[in-house]
Amino acid sequence: MGVMAVMEGDVSYLGLTALITAVFQFTFFVVAATFKFDKVTDFAGVFNFVILAVTTFFLNSTHTLRQTVLTCMAVAWGLRLSIFLLLRILEWGEDKRMDDKRGNIARFAVFWTLQGIWVWTVSLPITIVNGIATRNPEIQTADVVGWVMWGIGVTIEAIADQQKLQLKRDPAAQRRWCDVGVWKWSRHPNYFGEIFLWCGIFVASTPVLEGGQWGAIASPTLITLLLLFVSGIPLLEASGDKKHGGNPAYRAYKSRTR
C-alpha cells in the first residue's frame, strides 16, 4: 500500500497539494528564468510550505488541536525562514548556487522541478494530518515530544541564521568562517535545526497515521538525506575547504566540530 492510500472517510489532499506546488513553482520559475532573477528562489520554495499548510487546514472542517498545532508550526517556520531568506538575498544580491544554471534553461527547470518535489514530499505529515476527518485520538506523548522537538529545532535554526548573517555584515569578518554563538559547537547548526524540527513534525503526526499514511516518513528522510549528502553540507564543506583549507585554525575548528 503506497502513500496515496487514504483511509475511508478521510480526505486526500495529496493530488491537490501536488497541483498547487506545481503551479506555484512554475510561476516563480517563469519569473526567474525570464529575468535571470535569483532573488525569489528560496522564498518560493519555503513559502510554498505555508500555502500548503494553510490550504489543507481550511479545506478540512475538523480543525482538531493536533491539526491546528501542526499547521501553526509549519506556518511559523515557513514565514520566518522565507522572509529571512528573501531579505538575505536582497542584501547579498545573488545566489551562487545558480551560477551554473541561469544560462541553461534545462538545468534551471530541473532545479525548480526538484524544488517542487522537495516541498510536496517534506510537507506530507501536515498534508496527511490535515486530511484526516475520522480519527482524533487524545493528545499523546508522541504529540508533545514532536512539538518539543520542533521548538528546539526552529529555535536553533533561527539563532544560527541570525548569528551567521550578523557575522557576514561585519566588514572585519569578511574572510572569516562562522564560529560564533552556536557555530562554535557545530559547523552546520542551522541544518541540524532544520532536520530536527521536521523530525518533530513527523513524530507529532504519528498518533493518527494508518496504513499507507506512514509514507509521511519520507518527509524527515528526504530532508535529512538532502542536507547531509546532497545540497546542504557537502556544498558548504567544499566551499569552506576552498576558502580556508590552508588555514591551521580552520582545520582545528573542523576537527573539533561536526
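Residues numbered from 1 in each chain as written. Predicted model: local features only at pLDDT ≥ 70, side-chain atom pairs only at ≥ 80, totals over all residues. Heavy atoms only, no water.

- Looking at an unreviewed UniProt entry, one finds the chain named Steroid 5-alpha reductase C-terminal domain-containing protein and attributed to Ceratodon purpureus.

### Considerations on a nonpolar patch on the surface
- There is a patch of nonpolar side chains on the surface, built from Leu65, Ile139, Val144, Val148 and Ile152 and spanning about 410 Å² of accessible area.
- Considering every element that reaches the nonpolar patch, the biggest residue donor is helix H6 (residues 141–169), with three residues.
- Position of Leu65 among the secondary structure elements: in helix H3 (residues 65–92). (Patch = residues over 30% accessible without salt bridge, like charges linked within 9 Å, V, L, I, M, F, W, Y side chains within 5 Å. Areas by Shrake-Rupley, 256 points an atom, 1.4 Å probe, with all protein chains shown as cover. Salt bridge = Lys/Arg side-chain N within 4 Å of Asp/Glu carboxyl O. Helix = DSSP H or I, 4+ residues; strand = E, 2+ residues; numbered from the N terminus.)

### What about unusual backbone geometry?
- Positive phi outside glycine occurs at His63, with the angle close to 50 degrees.
- With respect to the secondary-structure elements, His63 resides in the loop between helix H2 (41–59) and H3.

### Let's talk about the packing of aromatic side chains
- All chains considered together, the criterion is met by 16 aromatic pairs.
- Seen from their ring centres, Phe26 and Phe29 are 6.2 Å apart, and the 40 degrees between their planes marks the pair as tilted. Of this pair, Phe26 and Phe29 both sit in helix H1 (residues 14–35), three residues apart, which is roughly one turn of the helix.
- Under the relative-accessibility criterion, Phe29 is labelled buried at 12%.
- Considering the side-chain rings of Phe49 and Trp118, the 5.0 Å spacing of their centres and the 75 degrees angle between planes classify their relative orientation as edge-to-face. Taken together, the residues Phe49 in helix H2 and Trp118 in helix H4 (residues 105–122) connect sequence positions 69 residues apart.
- Judged by relative accessible area, Phe49 falls into the buried class, the value being 2%.
- With relative accessibility at 16%, the residue Trp118 sits in the buried group.
- Among the aromatic residues, ring-to-ring pairing joins Phe26, Phe29, Phe108, Phe111 and Trp112 into one connected group.
- The ring of Phe84 carries the charged tip of Arg80 above its face, separated from the ring centre by 5.5 Å. (Phe/Tyr/Trp six-rings, centres within 6.5 Å; stacked < 30°, edge-to-face > 60°. Buried < 20%, exposed > 50% of the residue type's maximum accessible area, 1.4 Å probe, protein only. Lys NZ or Arg CZ within 6 Å of the ring centre and 35° of its normal.)

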